[in-house]
Amino acid sequence: MLTISRELVDRIIAHARADHPDEACGVIAGPIGSDSPQRFVAMVNAERSPTFYRFDSLEQLRVWREMDDLDEEPVVIYHSHTSTEAYPSRTDISYASEPNAHYVLISTREELGEEVEFRSYRILDGVVTEEEVKIVPA
C-alpha cells in the first residue's frame, strides 16, 4: 500500500495538469528504507510528448546524486497519461528499474473532466501489481 499526503497528491496532479497535453514526470524522495514519500521533485519530460516520457539524463543524475547525499531513495516515481487510463504501458514496465518504488500513474484524459485517475503500482521483474493508495492529511 502507498501511504501519501494529500499535499503530495495535489502537487502531482497540479504538475500533470500543467504539463498536459504532454506527459508529466517526477519523483518523490524519502529516507532510505522508510517507504515514506516526503520530498517532491518535479522533473522535465525530455521527450516533450503526449504519449511517452523520459527523464532528462543529466537532471536524473543530479536528482539521484542529491538523494544519495541526503540518504534518500525514490519512494514514488510518477508520470501522467494524457489520453489513456492510469495503467503502466509496456514501455513503462520495461523502464521500471527501482524495485522499492511505488509507480504512480495519473490520467488526465479529457473524458475525466476535472477529475483525475490516480493509481499506484509495484513493478518488479516485469510483473505489475496494483496497490491500494491511502491519502492522509498533510
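Before reading on, note that the structure itself is shown above.
Residues numbered from 1 in each chain as written. Predicted model: local features only at pLDDT ≥ 70, side-chain atom pairs only at ≥ 80, totals over all residues. Heavy atoms only, no water.

## Brief notes about helix H2 (residues 57-69)
For H2, which comprises 13 residues, the first-to-last C-alpha distance of 18 Å matches the rise-based estimate of 18 Å (1.5 Å per residue) to within 8%. Against the buried residues of H2 lie strand E2 (25-31), strand E3 (39-43) and strand E4 (72-81). Sitting at the head of H2, Asp 56 places a side-chain oxygen 3.2 Å from the backbone nitrogen of Leu 58. Phi for Asp 71, located one or two positions after H2, is positive at around 55°. (Helix = DSSP H or I, 4+ residues; strand = E, 2+ residues; numbered from the N terminus. Expected span 1.5 Å × (residues − 1). Contact = heavy atoms within 4.5 Å. Polar contact = N/O pair within 3.5 Å; in protein donor to acceptor, adjacent residues only side chain to side chain.)

## Notes on the nonpolar core
With 18 residues, the main nonpolar core has Met 43, Phe 55 and Trp 64 as its most contacted residues. Counting only elements with at least two residues in this core, the list comes to E2, E3, H2, strand E5 (102-107) and strand E6 (117-124). Grouped together as the second largest cluster of nonpolar side chains are 15 residues, Ala 16, Ile 28, Phe 40 and Tyr 78 included. (Core = buried A, V, L, I, M, F, W, Y, C linked by side-chain atoms within 4.5 Å. Buried < 20%, exposed > 50% of the residue type's maximum accessible area, 1.4 Å probe, protein only.)

## Some thoughts on the packing of aromatic side chains
Given two aromatic rings, one states the distance between the centres and the angle between the planes to describe the pair. Counted by the stated rule, this structure contains five aromatic pairs. Pairing Phe 52 with Tyr 95 gives two aromatic rings, centres 6.0 Å apart and planes at 75°, and the pair type is edge-to-face. Placement of the pair is Phe 52 in the loop between E3 and H2 and Tyr 95 in helix H3 (residues 90-95), with a sequence separation of 43 residues. Its relative accessible area of 23% is what places Phe 52 among the partly exposed residues. Exposure remark for Tyr 95: the relative accessible area of 47% places this residue in the partly exposed category. Connected via pairs of aromatic rings, a cluster forms that spans Tyr 53, Phe 55 and Trp 64. (Phe/Tyr/Trp six-rings, centres within 6.5 Å; stacked < 30°, edge-to-face > 60°.)

## So, the sheet that holds strand E7 (residues 127-131)
Strand order in this open sheet of six strands is E3-E2-E4-E5-E6-E7, and the pairing throughout is mixed. Looking along the sheet, the strands with just one partner apiece sit at the ends: E3 and E7. In this sheet, adjacent strand axes meet at a mean angle of 30° when their direction is disregarded. Taken together, the five bridges between E2 and E3 define a ladder with antiparallel strand orientation. For Ile 28, the partnering residue across the bridge sits in E3 and is Phe 40. Where helix H1 (residues 6-19) meets the sheet, it contacts E2, E3, E4, E5 and E6, and its direction lies at approximately 5° from that of E3. Against the sheet, H2 contacts E2, E3 and E4, and its axis sits at roughly 170° relative to E3. (Pairing = 2+ DSSP bridges. Axes fitted to C-alpha atoms, helices over the stretch in contact; angles between N-to-C directions.)

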